[in-house]
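Working through the structure, step by step
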Amino acid sequence: MAQTATTPGDRSHERKVSMGPSGTSILLVIGAVAVGVWLYLRPKGEIGAQGLQKYAGYEANTEMASLRNCTPPGCAAVYLTPAAGKASLDALPGALTLAGELEQQGIECFIVLGEEAVKDAVKRARGIRRPVVFDPLGEWAKESGIERAPCWIAWRTGGRIRLRSPEPVSAARIAEAIR
């Protein structure tokens, strides 16, 4: 019988062969991917900086308004898309009540009509009988992290978002979030 000669320092036959990446490295990669997806998909933290057309009334001209730069301590808005569905039309009376309550507390509240032609939005705004802001292409909403209407949103002066909700929010909750 033939025996293979091995030297006393050669222990290659005892060494374990790696079968792939370790469990720790797999968990670290999964964790890094999860954090990356969260950072990519999280809602925006600031209000869009675009200037939007503000309609103040039948006899007044439209003027440009930057919602980001509002009076201290902050502002609120209700984003509605009346042309896209019944939910925005149903939310309008509550939005008008909220705007009145916030104005009594010294907080500016905007009703934003988005994703409809300005011509149609002006007709709708005449029935609202209060200042309305138009976002005809929905760009302000996208930049502000609003995915669908209706949406209640509040921010501090300078544009830092403090509250975002797809459900109606009370004036007290908005005031608390801003201050």
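This write-up is about the structure you can find in this document. (Residues numbered from 1 in each chain as written. Predicted model: local features only at pLDDT ≥ 70, side-chain atom pairs only at ≥ 80, totals over all residues. Heavy atoms only, no water.)

**A look at the state of the cysteines**
Note on terminology: disulfide describes a covalent bond linking the sulfur atoms of two cysteines. Within this structure, the stated rule accounts for one disulfide. You can see cysteine 109 has no disulfide; the closest cysteine sulfur is in cysteine 75, sitting 8.8 Å from it. (Disulfide = S-S within 2.5 Å.)

**Considerations on the sheet that holds strand E6 (residues 151-156)**
Spatially, seven strands are ordered E2-E1-E5-E4-E3-E6-E7 in an open sheet, and the strand pairing comes out mixed. Since the sheet does not close on itself, it has two edges, and those belong to strand E2 (63-66) and strand E7 (161-165), each with one partner. Neighbour-to-neighbour, the strand axes of this sheet turn through a mean angle of 30°, independent of strand direction. Along the sheet, helix H3 (residues 118-128) contacts strand E1 (51-55), strand E4 (108-114) and strand E5 (132-135); its crossing angle with E5, the most-contacted strand, is approximately 160°. (Pairing = 2+ DSSP bridges. Helix = DSSP H or I, 4+ residues; strand = E, 2+ residues; numbered from the N terminus. Axes fitted to C-alpha atoms, helices over the stretch in contact; angles between N-to-C directions. Contact = heavy atoms within 4.5 Å.)

**Some thoughts on the environment of leucine 113**
Within the secondary structure layout, leucine 113 lies in strand E4. Relative accessible area serves as the criterion here: at 1%, leucine 113 is assigned to the buried category. In sequence terms leucine 113 and leucine 80 are 33 residues apart; their C-alpha atoms lie 5.1 Å from each other. If we ignore the near neighbours within four places in the chain, the residues touching leucine 113 are Leu80, Pro82, Ala121, Arg124, Ala125, Ile128, Val132, Val133, Phe134 and Asp135. (Buried < 20%, exposed > 50% of the residue type's maximum accessible area, 1.4 Å probe, protein only.)

**Looking at the layout of surface pockets**
Of the volumes computed, that of the second largest pocket is approximately 150 Å³. The residue makeup of the lining of the second largest pocket, split by class, is five nonpolar, two polar and three charged. (1 Å grid on protein atoms, 1.4 Å probe; cavity = no way out; pocket = protein on both sides within 12 Å on 5 of 7 lines; lining within 4 Å. Points joined across faces, edges and corners; volume = space filled by probe spheres on them. Nonpolar A, V, L, I, M, F, W, Y, C, P; charged D, E, K, R; others polar.)

All quantities given are derived from atomic positions and should not be read as evidence of function.
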